[in-house]
Amino acid sequence: MSELVSPLAPLPTTTDSAVARTLLNLLSGAAVAQAVSVVARLGVADALASGPLAVDDLAEKLGADAPTLYRLLRGVAEVGLVVEEDGRRFALAPMGDLLRCDSGGAVRAFATMVGMAFHRDAWTGLYDAVRTGELPFARVHGAPLFEYLADHPDDGCVFDAAMLVTSVAYGPITEIYDFGRFRNIVDVGGGRGHVLASILSAHPASRGVLFDRPEVVADAPPLLASSGVAGRCQVVAGDFFESVPTGGDAYLLANIVHDWDDTGALRILRSCSRSMSGAARLILFEGILSDAPGGALSRLADLELLVVGPGGRLRSPADYQGLFEQSGFHLDEVVAGGPAAVITARLSDGS
């Protein structure tokens, strides 16, 4: 009989142990994300908003199993979402407060999404993607992201709500750029109108056109009405790969171009250029890929686009300048706002 070979490596040195602990902490990130997602999905933050609760009372309020809920909350207390008090009572911590619906809901929606099967399963395709270049989401789910979401409306609602988290991560676009100079703003791929509503609310003299797929803009009127801008906003359905509405003096693409590879991005930009005239301006609001210190968030966000998106990526200002040159635009300016920027361009033959 051959001698068994022990799989145990030599005991690490003290320095190696510290490095190993750091790596293990990184690897626990998936567990932390899933736990935070469950806390968000259960509505723990809303249930604790009025004050601490014993875990049995909280479980009854949430319709959860008390012993299992206790183990979950004990775990997320370690990362600062809740605080455990005497008697197995839990209070909401400041970071956990961000998961409340009335805190805007975007962070809660994003936290929920990262624990949903459609999102987590896509990450299992990263290994094959690195080897083959295939898109992970399409490989795992059998369809690109937006086709999948159209066939799975419940996941689509979670995804759409989660995408509003950019307003938290990047800050409101109205704090970065002054839209008051434009009379008619066409929001291309504007979803249900959150960004356009914020712009029109800040600039009462401006009017807008909300343009997106029919099934998306169908849900826009209530939001526009509640924002008090419905009377100044026309809702138009269509496909931005084919054409966009004419007549605007500003064409806004807020967090749109990063979803697509260069071929798709050029199709969108050329659709805009065909509909624009004169001194109209193209305005992109995008996260910017940075090699500067502190740019790690942008590089991790680029990985998210690789895994979950339909082929897009984050780009640098130089990358956008290259796309503009191929689609009939000239880069005007880049207005930085933290991890995001407003990038403006005009028609190459415009004034």
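Cut-off values and rules
Residues numbered from 1 in each chain as written. Predicted model: local features only at pLDDT ≥ 70, side-chain atom pairs only at ≥ 80, totals over all residues. Heavy atoms only, no water. Patch = residues over 30% accessible without salt bridge, like charges linked within 9 Å, V, L, I, M, F, W, Y side chains within 5 Å. Areas by Shrake-Rupley, 256 points an atom, 1.4 Å probe, with all protein chains shown as cover. Salt bridge = Lys/Arg side-chain N within 4 Å of Asp/Glu carboxyl O. Helix = DSSP H or I, 4+ residues; strand = E, 2+ residues; numbered from the N terminus. Contact = heavy atoms within 4.5 Å. Polar contact = N/O pair within 3.5 Å; in protein donor to acceptor, adjacent residues only side chain to side chain. Axes fitted to C-alpha atoms, helices over the stretch in contact; angles between N-to-C directions. Parallel < 35°, antiparallel > 145°, perpendicular 65-115°, else oblique. Left-handed = near helix turned anticlockwise from the far one by under 90°. Nonpolar A, V, L, I, M, F, W, Y, C, P; charged D, E, K, R; others polar. Phe/Tyr/Trp six-rings, centres within 6.5 Å; stacked < 30°, edge-to-face > 60°. Buried < 20%, exposed > 50% of the residue type's maximum accessible area, 1.4 Å probe, protein only. Pairing = 2+ DSSP bridges. Disulfide = S-S within 2.5 Å. 1 Å grid on protein atoms, 1.4 Å probe; cavity = no way out; pocket = protein on both sides within 12 Å on 5 of 7 lines; lining within 4 Å. Points joined across faces, edges and corners; volume = space filled by probe spheres on them. Core = buried A, V, L, I, M, F, W, Y, C linked by side-chain atoms within 4.5 Å. pLDDT = per-residue confidence, 0-100. Arc of directions from axis to C-beta.

A. Quick peek at a nonpolar patch on the surface. A cluster of nonpolar side chains, namely L23, L24, L26 and L27, defines an oily patch on the protein surface of about 450 Å² accessible area. Looking at the secondary structure, you find L26 in helix 1 (residues 14-27).

B. Seen up close, the environment of Y251. Secondary-structure assignment places Y251 in strand 7 (residues 250-254). For the pair Y251 and S17, spaced 234 residues apart in the sequence, the C-alpha separation amounts to 54 Å. Every residue in contact with Y251, bar those within four places of it in the chain, is listed here: V186, V188, V244, P245, T246, S275, M276, R281, L282 and I283. A polar contact is formed between the side chain of Y251 and the backbone nitrogen of G248, at a distance of 3.1 Å. Here S275 takes part through its backbone oxygen, which lies 3.5 Å from a polar atom of the side chain of Y251.

C. Representation of the packing of helix 2 (residues 29-42) against helix 5 (residues 66-77) in the model. Between helix 2 and helix 5, whose axes approach to 10 Å, the crossing angle comes to 120°. Considered as vectors, helix 2 and helix 5 are oriented oblique to each other. Crossing of helix 2 against helix 5: the hand is left-handed. Seen from helix 2, the contacting residues are A35, V36, V38, V39 and L42; seen from helix 5, they are L69, L72, L73 and V76. Across the contact of helix 2 with helix 5, the residue classes break down as nine nonpolar, no polar and no charged.

D. Spotlight on the packing of aromatic side chains. Tallied over the full model, the rule gives 11 aromatic pairs. A centroid spacing of 5.3 Å and a plane angle of 80° characterise the contact between F137 and Y148, whose relative ring orientation is edge-to-face. Placement of F137 in helix 10 (residues 136-141) and of Y148 in helix 11 (residues 145-151) is noted, with a sequence separation of 11 residues between them. Accessibility expressed as a relative area gives 0% for F137, which makes it buried. Summarising the aromatic geometry, the rings of F240 and F241 are spaced 5.1 Å apart at their centres and angled 80° between planes, so their arrangement reads as edge-to-face.

E. Molecular detail of the pairing of strand 7. Where burial is concerned, most of strand 7 is hidden: five out of the five residues are buried. Both strand 4 (residues 184-188) and strand 7 contribute to a ladder of three bridges, which runs parallel. Looking across to strand 7, one finds that V186 is bridged to Y251. Where strand 7 lies against strand 8 (residues 281-287), five bridges are found, and the strand directions are parallel. Counterpart to L253 in the pairing with strand 8 is L284.

F. How the structure looks around the state of the cysteines. By the definition in use, this model includes zero disulfides. Looking at the unpaired C157, the closest cysteine sulfur is the one in C101, lying at 14 Å. C233 takes part in no disulfide bond, and the closest cysteine sulfur, belonging to C272, lies 16 Å away. Classification of C233 by relative accessible area gives buried; the value is 10%.

G. The layout of surface pockets, seen in detail. Estimated volume of the second largest pocket: approximately 230 Å³. Along the walls of the second largest pocket sit L26, L27, G29, A30, V32 and A33, which together make up its complete lining. Examining the composition of the lining of the second largest pocket, we find that four residues originate from one element, helix 2, more than from any other. Of the residues assigned to the lining of the second largest pocket, the class counts are five nonpolar, one polar and no charged.

H. Examining the sheet that holds strand 9 (residues 329-337) more closely. The strand order 6-5-4-7-8-10-9 describes an open sheet built from seven strands, whose pairing is mixed. Looking at which strands have only one partner, the edges of the open sheet turn out to be strand 6 (233-237) and strand 9. Here the average twist between neighbouring strands, direction ignored, is 20°. Sitting on the sheet, helix 17 (residues 262-275) is in contact with strand 4, strand 7, strand 8, strand 9 and strand 10 (340-347), with an inclination near 165° to strand 7. Running over the sheet, helix 19 (residues 317-327) touches strand 8, strand 9 and strand 10 and is turned about 155° from strand 9.

I. Focus on the nonpolar core. Core analysis: the largest hydrophobic core is formed by 30 residues, its most contacted members being V188, F240, L253, L282, F324 and F329. Only strand 4, strand 5 (207-212), strand 7, helix 17, strand 8, helix 19 and strand 10 provide two or more residues apiece to this core. Ranked by the residues each element gives to this core, the list is headed by helix 17, at five residues.

J. Quick peek at the confidence of the model for the protein. On average, the protein scores 90 in pLDDT, and the residues at 70 or more come to 93%. For residues 1-5, every residue scores under 50 in pLDDT, and the model assigns this stretch zero contacts once sequence neighbours within four places are set aside.

K. Spatial organisation of helix 12 (residues 153-163). Within helix 12 the residues assigned to the buried category are D155, G156, V158, F159 and A162. Each buried residue of helix 12 sits inside an arc of 165° when the element is viewed along its axis, so together they form one side. Seen from the buried face of helix 12, the exposed residues on the opposite side, beyond 90 degrees, are P153, D154 and C157. In the core, the buried residues of helix 12 are packed alongside helix 7 (106-114), helix 8 (117-123) and helix 11.

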